[in-house]
Amino acid sequence: MTQEERVSRAEVRTQAQRERILAAAEACFTERGFHAASMAHIAETAEMSPGLIYRYFDSKSAIILAIIERQLELARAEIANLHDSVDLPHGIWETTLPREARSDGRMNPALYVEMSAEACHDPEIGAAVREADLILRTEFARWLGRSREQGGLGLTPAKARAAALMIQCLVDGLRVRQLREPDVDRALVKRALEEFLAPMLRPRD
């Protein structure tokens, strides 16, 4: 085995271990809350020793920052795949109010609320959350403003920025609503999304 192959295998193993830890941490934070979930709990859930956890992350805050980064990558990939014929209201409804437990790597509402609360108290986490929000809003607005020929919706720059901000607020609110009202009328939510977003997504003001 060459040195390059050994390095490649080590990198793959490191990434797999990190993903295993992040999945365990998300489960613990969701079940126990950020402050009640210890590194020992995360290690137990990941079926690792606490010492091994610390080889990859030196604190719970470091784990949260990694979760934020992963969520940002997933969301950016979704934005990059948007096109002019996408049914945006349906997409928001389907991904924000899933019928089953999430299996696509996206954050569940309970974890979203935990991390949002921690962002209010930890300056580093707060800064990371604000930066991620701004990146996503900027890229989403850029897509909204592209012409139909370029795969966007053709909104004016001002309208694209406003729509991106309001949709971001809407998604945040739906996550909290799902947590507070798990039996919310899904059909009503879908209808409201279609009616609310239709005028906002029209190209002309």
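Computed from a predicted structure; not experimentally measured.

Q: I keep staring at the packing of aromatic side chains and nothing clicks. Help me out?
A: For any pair of aromatic rings, the description rests on two quantities: the centre-to-centre distance and the angle between the ring planes. Under the counting rule described, the total for this entry stands at 2 aromatic pairs. Arranged with centres 5.2 Å apart and planes meeting at 55°, the rings of Phe29 and Phe34 form a pair that is tilted. The positively charged end of Arg175 is found above the aromatic ring belonging to Tyr112, 4.7 Å away from the centroid. Its end group placed over the ring of Trp93, Lys190 keeps NZ or CZ at 4.8 Å from the ring centre.

Q: Just checking my understanding: could you explain the pattern of salt bridges for this structure?
A: A side chain of one charge can pair with a side chain of the opposite charge if their charged atoms are brought near each other. For the structure shown, the criterion picks out 5 salt bridges. The closest approach of N and O atoms between Asp172 and Arg175, which form a salt bridge, is 3.8 Å. Taken together, the residues span about one helical turn, with Asp172 and Arg175 both in helix H8 (residues 157–180) at a distance of 3 residues. On the accessibility criterion, Asp172 (25% relative accessible area) is partly exposed. Arg177 is the salt-bridge partner of Glu181, the closest N and O atoms lying 3.3 Å from each other. Overlapping salt bridges bring together Glu19, Glu26 and Arg70 as one network.

Definitions and cut-offs
- All residue numbers here refer to positions counted from 1 along the written sequence of the relevant chain.
- Two thresholds apply to this predicted model, a pLDDT of at least 70 for residue-level local features and 80 or more for giving and counting side-chain atom pairs, whereas whole-chain, interface and lining totals are computed over all residues.
- Remark: hydrogens and water are excluded; side-chain values derive from all non-hydrogen atoms of the structure.
- Classification of ring pairs rests on two measures: the distance between centres of Phe, Tyr or Trp rings, Trp counted by its six-membered ring, which must be within 6.5 Å, and the angle between planes, read as stacked under 30 degrees, edge-to-face over 60 and tilted in between.
- Two thresholds decide whether a charge sits over a ring: the Lys NZ or Arg CZ must be within 6 Å of the ring centre and within 35 degrees of the ring normal.
- Salt bridge, as used here: a side-chain nitrogen of Lys or Arg that lies within 4 Å of a carboxyl oxygen of Asp or Glu.
- Numbering of helices and strands runs from the N terminus; a helix is a DSSP stretch of H or I covering at least four residues, while a strand is a stretch of E covering at least two.
- Each residue is assigned to one of three classes by its accessible area relative to the maximum for its type, calculated with a 1.4 Å probe on protein chains only: buried under 20%, partly exposed between the two thresholds, exposed over 50%.

By themselves, these observations are geometric and do not establish any function.
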